[in-house]
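# Commentary on secondary and tertiary structure
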Amino acid sequence: MNAPTSLTQFAPDIQQRAVPAELIAGLQSRFGAQCSTAQAVRDQHGRDESAFTVPPPSAVVFAESTQDVADAVKLAAAHRVPVIPFGVGSSLEGHLLAVQGGISIDVSRMNQVLAVQAEDLTVTVQPGVTRMAVNAAVKSEGLFFPIDPGADASIGGMAATRASGTNAVRYGTMRENVLALEVVTASGEIIRTGTRAKKSSAGYDLTRLMVGSEGTLGVITEVTLKLYPLPEAISAATCSFPTIEAAVRCVIQTIQLGVPIARCELIDAGTVRMVNTHSKLGLREEHMLLMEFHGSPASVKEQAETVQEIAADFGGQSFEWATTPEERTRLWTARHNAYFAAIQSKPGCRAISTDTCVPISKLADCLLDSVAEADASGLPYFLVGHVGDGNFHFGYLIDPDNAQERGIAEALNHQLVTRALALEGTCTGEHGVGLHKMDFLLTEAGAGAVDMMRTIKLAMDPHNILNPGKIFRL
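Keep in mind the model is a prediction, meaning the values are calculated, not measured. (Residues numbered from 1 in each chain as written. Predicted model: local features only at pLDDT ≥ 70, side-chain atom pairs only at ≥ 80, totals over all residues. Heavy atoms only, no water.)

On to the sheet that holds strand β1 (residues 35–36). Within the open sheet, the four strands sit side by side as β1-β2-β4-β3. Their pairing is mixed. Lying at the two open borders of the sheet, with one neighbouring strand each, are β1 and β3 (83–86). Where β1 and strand β2 (residues 59–62) come together, two bridges link them in antiparallel fashion. Looking at β2, one finds that cysteine 35 is bridged to valine 61. (Pairing = 2+ DSSP bridges. Helix = DSSP H or I, 4+ residues; strand = E, 2+ residues; numbered from the N terminus.)

Quick look at the structure:
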């Protein structure tokens, strides 16, 4: 299988387009105080959690309605100026960077839960609503939204990147949980895709086309999501293992036996140490699985007992239970803070994040070889994984000004992705392509498929103004 060979591919391809004063004047006239050209505001909207450095957008529009988004896009389209949607800025692959200049449309003020249809198990929200806000709004109905990427990301951003996270092994990803969208196209037209019905055979599946398009086909302004009944019983547990291989083999057997585990996270020993320091926990500093079980009290007990027996076969020990909401929240908060714990372990560093996903039967082969390479490199790293669905993440911790460290990290990522593709996996399980995975997408999907993506992109956005320079090059 052919794989990218040059590390220079990971440098952003910066080709700034002119942003005429006439456009800025038009935006300021239409939006007043909702439009900012202040350097601090532009800088805030010109970076994310990736290690890329790119000049900021020329202006930021704080949209408060779908019509605001449509009007901003129309003004930008008239001058063929790029438009980059912005939610909370938590993306890891450079999605929101203005590599071709342009304006940022911040939808964080569009943060209303528009309708909870409890009887249909659906909720309709604006794109700036975060996942935690959705769950706060529907909890009183005995419902919850399960997609949990870790960060309190915006729903619009989660739909745009086809996010998933810790619950995906049982509840799927955003792809399975978005029913309908409202989207502003490159011409400023407002369209709707999908309905609240559970299924449809009506024409092309435009909703699925938009989910995962990373802002390159439209700006999402409304999302209808599936909800689920809150489980009658929830139990979380940690279990320590003597080796990473033992932990992974335990996961593989659990999944292959059909145990309906809700969450199954791997944290390696080094990352446990970082989490303990950051979150003031006393977890055993060994390779660990963090698991959660949902269902009736009887089914949760049965699932947990089955997994405990499997774990024992692989040397798992110190099964520790967290049954109260407070204990579970503390554990999962620590897991979600693993990224920030790692960053703080090396002051001034940035993380080069990986996001491979492989068939569950290939997980041990992919993960163990990658651990050996990371250990041999000498770079500090953290390792976490939604291993129940074959997805795991290294974060190589580098000095962003040290070209040698960056080169080592990118070489490790290159080797990891090449291995995952050879095992019929993917270069990105949930973070999206953005800037960092463009050449790997070409390797994974093939030139024909990427050419078809380009054809769709140019048919819907002929002047390439919607988040240009992401997913593939035009």
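Right, let's get into helix α1 (residues 21–31). Residues of α1 that are buried: Leu23, Ile24, Leu27 and Phe31. The buried residues of α1 all sit within an arc of 100° when viewed along its axis, so they share a single face. α1 presents Ala21, Glu22 and Ser29 as exposed residues on the side facing more than 90 degrees away from its buried surface. The secondary structure elements touched by the buried residues of α1 are β1, β2, α3 (66–78) and β4 (103–106). (Buried < 20%, exposed > 50% of the residue type's maximum accessible area, 1.4 Å probe, protein only. Arc of directions from axis to C-beta. Contact = heavy atoms within 4.5 Å.)

Moving on to the packing of aromatic side chains. Within the structure shown, the criterion is met by 10 aromatic pairs. Measuring from ring centre to ring centre gives 6.4 Å for phenylalanine 293 and tryptophan 321, while their planes differ by 45°; the resulting arrangement is tilted. Taken together, the residues phenylalanine 293 in strand β14 (residues 287–295) and tryptophan 321 in strand β15 (residues 317–322) connect sequence positions 28 residues apart. Ring geometry for tyrosine 339 versus phenylalanine 340: centroids 5.3 Å apart, planes at 90°, classification edge-to-face. Among the aromatic side chains, those forming a connected cluster through ring pairs are Tyr381, Phe392, Phe394 and Tyr396. Looking at arginine 30, its charged tip hangs above the ring of phenylalanine 31, at a distance of 4.4 Å from the centre. The ring of tryptophan 332 has arginine 263 sitting right over it, with the charged end atom 4.2 Å from the ring centre. (Phe/Tyr/Trp six-rings, centres within 6.5 Å; stacked < 30°, edge-to-face > 60°. Lys NZ or Arg CZ within 6 Å of the ring centre and 35° of its normal.)

Moving on, we come to the pairing of strand β5 (residues 113–117). Sheet topology note: the β5/strand β6 (residues 122–125) ladder contains four bridges and is antiparallel. The residue bridging alanine 115 from the neighbouring strand is threonine 124, located in β6. Turn length for the β5-β6 hairpin, with the two strands adjacent in sequence and antiparallel, is four residues, and the turn residue leucine 121 shows positive phi of about 60°.

For helix α13 (residues 338–345), the complete set of buried residues consists of Ala338, Tyr339, Ala341, Ala342 and Ile343. The inward-facing, buried residues of α13 contact α10 (269–279), α12 (325–336), β16 (350–353), β17 (381–386) and β18 (391–398).

Attention now goes to the pattern of salt bridges. Taken as a whole and judged by the stated rule, the model has 22 salt bridges. One salt bridge connects arginine 419 with aspartate 369, and the closest N-O pair in it is separated by 3.9 Å. Of this pair, arginine 419 sits in helix α15 (residues 403–422) while aspartate 369 sits in helix α14 (residues 363–377); the two residues are 50 residues apart in sequence, bridging distant segments of the chain. Look at arginine 419 and you get buried, because its relative accessible area is 16%. Take aspartate 369: its relative accessible area is 42%, and that puts it in the partly exposed class. (Salt bridge = Lys/Arg side-chain N within 4 Å of Asp/Glu carboxyl O.)

Time to look at the nonpolar core. Core analysis: the largest hydrophobic core is formed by 47 residues, its most contacted members being Leu289, Met291, Leu367, Phe394 and Tyr396. Of the residues forming this core, the biggest block, seven residues, is contributed by helix α9 (residues 244–256). Excluding residues that lie within four positions of it along the chain, tyrosine 396 makes contacts with Arg350, Ala351, Ile352, Thr354, Ala374, Leu379, Pro380, Tyr381, Ala409, Leu412, Asn413 and Leu416. (Core = buried A, V, L, I, M, F, W, Y, C linked by side-chain atoms within 4.5 Å.)

Here we take up the side chain of arginine 335. With respect to the element layout, arginine 335 can be found in helix α12. Judged by relative accessible area, arginine 335 falls into the buried class, the value being 8%. Not counting the four nearest positions on each side in its chain, arginine 335 is found in contact with Glu265, Ile267, Leu290, Val384 and His386.

With that settled, consider unusual backbone geometry. One non-glycine residue, serine 318, adopts positive backbone phi at about 55°. We classify serine 318 as partly exposed; its relative accessible area is 26%. A positive phi angle, near 65°, is found at glutamate 424, a position not held by glycine.

In this section: the side chain of threonine 216. As for its placement among the helices and strands, threonine 216 is situated in the loop between α8 (206–210) and β10 (219–226). You can call threonine 216 buried: its relative accessible area is 6%. Among all residues touching threonine 216, those that are not within four sequence positions of it are Lys457, Asp461, Leu466, Asn467, Lys470 and Ile471.

Per-residue pLDDT for the chain has a mean of 94; in total, 98% of the residues score no lower than 70. In the predicted structure, residues 1–9 sits below a pLDDT of 50 and forms 18 contacts with residues beyond four places in sequence or in another chain. (pLDDT = per-residue confidence, 0-100.)

Next up on the list: the environment of leucine 257. Structurally, leucine 257 can be placed in the loop between α9 and β13 (263–267). For leucine 257, a relative accessible area of 55% translates into the label exposed. Along the sequence, leucine 257 and valine 307 sit 50 residues apart, while their C-alpha atoms lie 10.0 Å from each other.

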